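# What the coordinates show
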Amino acid sequence: MGKKSKGSDHPCLQKYGVPFFGAAFVPYKEVRSKLSNLQEDHRDSSTDEISDDKSAAVSGTSDHGNYVVLAGGGGEGHSGIPNSIILARFDFDSNSLSAQPVAKLGLGSDCPYRMVVHPGGDGIICALSKSCRLIEWDEVKSAEDHKLVLKASDKVLTPLEDIKQQLALAFNAEGSILAVGGEDGNLRVFKWPGMEVLLHDAQAHSSVKDLSFSPDGKFLISLGRGGPGRVWDVSSSTVVASLQKENDEVFAFCRFSQSDGGHHVLYTAGVKGQRGSIVSWNTTSWKRMGSKQVVRDPISSFNVSSDGKLLSVGTIEGDILVINSRNMQVQNLIRKAHLGMVTTLAFTNDSRALVSASMDSSARVTVIEEKKSGGLSMWVIMFILFAIAVYFLKQEGILPQLLEKTGCTIQM
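Residues numbered from 1 in each chain as written. Predicted model: local features only at pLDDT ≥ 70, side-chain atom pairs only at ≥ 80, totals over all residues. Heavy atoms only, no water.

## Re the UniProt feature "repeat: WD" (unreviewed entry) in the chain
According to UniProt, the positions carrying the feature "repeat: WD" (unreviewed entry) are residues 206-242 and 335-365. Helix makes up 0% of residues 206-242 and strand makes up 59%, while its end C-alpha atoms are separated by 15 Å. (UniProt positions renumbered as here; feature names shortened; annotations may be inferred. Helix = DSSP H or I, 4+ residues; strand = E, 2+ residues; numbered from the N terminus.)

Right under this line is the structure:
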């Protein structure tokens, strides 16, 4: 079992007064590049000034670029809990999350129940109760800092207006294709940013629960409420495989992943026999490769690092597990990381850290501790020390005297 710790009042854990349904690290380098290009398009200044601004953007990436974006709220009722998109800043040196949001955008009566961040820095798409809205990045400059902020986009996602609640949102790795799945079973796939329809199946599932693109963008996996998972060929918009469940299984989450040798692996996570389990699938034959129970409680959130080396699991009890994908062993376990159900998980692009959020209005960043391999176990070390001690006692003539007094014998 991996290293254990308990959730506590730590600087990496903060509460922001909003129940969270979505969380992600901001692709800061891509965002700054987008903002710099927009500024250049509207700037009447010298080449030197433009060059200086680019340098500032690059230098700001390492010092100020660890932003976390969080989405949630109290819903459409009059609970008094705001519906918001929140930006917080994480400092790796102090392992601390900013106690106050560095930016906050209110959404009125619309709650962002789902959220996806464009990998190329185009913005955030939020699934509201009856539509999807694009939120874009902006910045406030000062002599000391470049502060990232949020703004509602003027762009209307027309095909996603006046539709039912969307429960799943996903971009492919390039950010050129967007997939959305609704509680009414509709699966829609669009080119981005033009929103040309690539696929629309009104009866893909009874209700779409999760979506994930393969790393090369060739396949899309969709999970529904009940029934098998479906694998779609994106170019032909056809179903190429079905992922069959065993009798006591419920699939809740799906993620494609990289693996050793450049091959791809598909993971589904959910409940088997009332306990959280993960199934791995071969992406050529679409057959099961393995299945393992990883936690005693139901899984409430799941994700995979971009390099495919780590899996993350959140539970309804507020626990977080980081799992080594090679041997499926728990590398890090944080019990009661949150007081409520873990609703969302996301890794940094370099797999250095994991952000998690909960219905208890808290967000947490966990720095991943690498499990060292190749060292001697404690039992081996103790045995070696014991053997050395016996050898020297025998050499000094002390061991025979001790054995004679105790009535024991030993063969050397």
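From this point, things continue past the structure.
## Let's talk about the sheet that holds strand β9 (residues 124-127)
Spatial ordering of the open sheet is given by β8-β9-β10-β11, a layout of four strands whose pairing is antiparallel. With one partner strand each, in any of the chains shown, β8 (114-117) and β11 (146-152) form the two edges of the open sheet. Neighbour to neighbour, the strand axes of the sheet diverge by 25° on average, direction disregarded. (Pairing = 2+ DSSP bridges. Axes fitted to C-alpha atoms, helices over the stretch in contact; angles between N-to-C directions.)

## Let's talk about the side chain of Ser 129
By secondary structure assignment, the location of Ser 129 is in the loop between β9 and β10 (132-141). Residues in contact with Ser 129, not counting those within four places in the same chain, are Glu 76, Asp 110, Cys 111, Ile 163, Lys 164 and Gln 165. (Contact = heavy atoms within 4.5 Å.)

## Focus on the pairing of strand β26 (residues 320-324)
In terms of burial, β26 is largely enclosed, as four of its five residues are buried. Summarising the sheet, strand β25 (residues 310-315) and β26 pair through five bridges and their orientation is antiparallel. What sits directly across from Val 313, in β26, is Leu 321. The turn joining β25 and β26, which pair antiparallel and follow one another in sequence, is formed by four residues; a positive phi near 90° is taken by Gly 318. (Buried < 20%, exposed > 50% of the residue type's maximum accessible area, 1.4 Å probe, protein only.)

## Some thoughts on the side chain of Arg 255
Its place among the elements puts Arg 255 in strand β20 (residues 249-258). A polar side-chain atom of Arg 255 sits 2.9 Å from a polar atom in the side chain of Asp 210. For Arg 255, the side chain forms a polar contact with the side chain of Asn 303, separated by 3.3 Å. Once you skip the residues sitting within four places of it in the chain, Arg 255 turns out to touch Asp 210, Leu 211, Ser 212, Val 265, Leu 266, Tyr 267, Phe 302, Asn 303 and Val 304. (Polar contact = N/O pair within 3.5 Å; in protein donor to acceptor, adjacent residues only side chain to side chain.)

## Description of the pattern of salt bridges
For the structure on display, the rule yields nine salt bridges. Across the pair Asp 122 and Lys 34 runs a salt bridge, and its minimum N-O distance is 2.8 Å. A residue pair is termed long-range when its members are at least 10 positions apart, and Asp 122 in the loop between β8 and β9 and Lys 34 in helix α1 (residues 28-41) qualify at 88 residues. One salt bridge in this structure joins Asp 319 and Arg 335, with 4.0 Å as the shortest N-O distance. Linking Asp 319 in the loop between β25 and β26 with Arg 335 in strand β27 (residues 329-335), this pair joins segments that are 16 residues apart in sequence. On the accessibility criterion, Asp 319 (7% relative accessible area) is buried. Since its relative accessible area comes to 39%, Arg 335 is described here as partly exposed. One continuous salt-bridge network, built from bridges that share partners, spans Glu 246, Glu 249, Lys 272 and Arg 288. (Salt bridge = Lys/Arg side-chain N within 4 Å of Asp/Glu carboxyl O.)

## A word on the nonpolar core
In this structure, Val 69, Ile 85, Leu 87, Ile 124, Trp 137 and Leu 148 are the most contacted members of the largest nonpolar core, which totals 24 residues. Among the secondary structure elements, those contributing two or more residues to this core are α1, β4 (67-72), β5 (84-91), β7 (103-106), β8, β9, β10 and β11. Once residues within four sequence positions are removed from consideration, Ile 124 is found in contact with Val 69, Ile 85, Met 115, Val 116, Val 117, Arg 133, Leu 134, Ile 135, Trp 137 and Leu 150. Ala 23, Ala 88, Ala 353 and Val 365 belong to the second-largest nonpolar core, a separate cluster that totals 19 residues. (Core = buried A, V, L, I, M, F, W, Y, C linked by side-chain atoms within 4.5 Å.)

## Overview of the sheet that holds strand β15 (residues 197-201)
Taken together, the four strands give an open sheet; going across it, the order is β12-β13-β14-β15, and neighbouring strands pair in antiparallel fashion. If you trace the sheet from one side to the other, it starts and ends with β12 (166-171) and β15, each paired once. Neighbour-to-neighbour, the strand axes of the sheet open up by a mean angle of 10°, direction not taken into account. The sheet contact formed by strand β13 (residues 177-182) and strand β14 (residues 187-191) spans five bridges and is antiparallel.

## What about the packing of aromatic side chains?
Going through the model one piece at a time under the given rule, you end up with eight aromatic pairs. Aromatic pair Phe 171 and Trp 192: ring centres 5.4 Å apart, planes at 80°, arrangement edge-to-face. Note that Phe 171 is positioned in strand β12 and Trp 192 in the loop between β14 and β15, a separation of 21 residues in sequence. Take Phe 171: its relative accessible area is 12%, and that puts it in the buried class. Classification of Trp 192 by relative accessible area gives buried; the value is 10%. Here Phe 251 and Trp 281 contribute two aromatic rings whose centre-to-centre distance is 6.1 Å and whose plane-to-plane angle is 85°, an arrangement assigned as edge-to-face. Of this pair, Phe 251 sits in strand β20 while Trp 281 sits in strand β22 (residues 275-282), and the two are 30 residues apart along the sequence. For the pair formed by Phe 251 and Trp 281, the shared burial category is buried. The structure contains a cluster of three or more aromatic residues connected by ring pairs, namely Phe 219, Phe 256 and Trp 286. The ring of Trp 192 is capped by Lys 155, whose NZ or CZ atom sits 4.5 Å from the centre of that ring. The lysine or arginine in question, Arg 352, covers the ring of Phe 92, its NZ or CZ lying 3.7 Å from the ring centre. (Phe/Tyr/Trp six-rings, centres within 6.5 Å; stacked < 30°, edge-to-face > 60°. Lys NZ or Arg CZ within 6 Å of the ring centre and 35° of its normal.)

## Quick look at unusual backbone geometry
A cis amide bond links Trp 192 with the next residue in sequence, Pro 193, at an omega value of 5°. With respect to the secondary-structure elements, Pro 193 resides in the loop between β14 and β15. Backbone geometry places Ser 361, a non-glycine residue, at a positive phi of 75°. Checked against the element boundaries, Ser 361 lands in the loop between β29 (353-358) and β30 (362-367). Ser 361 gets classed as buried once you look at its relative accessible area, which sits at 12%.

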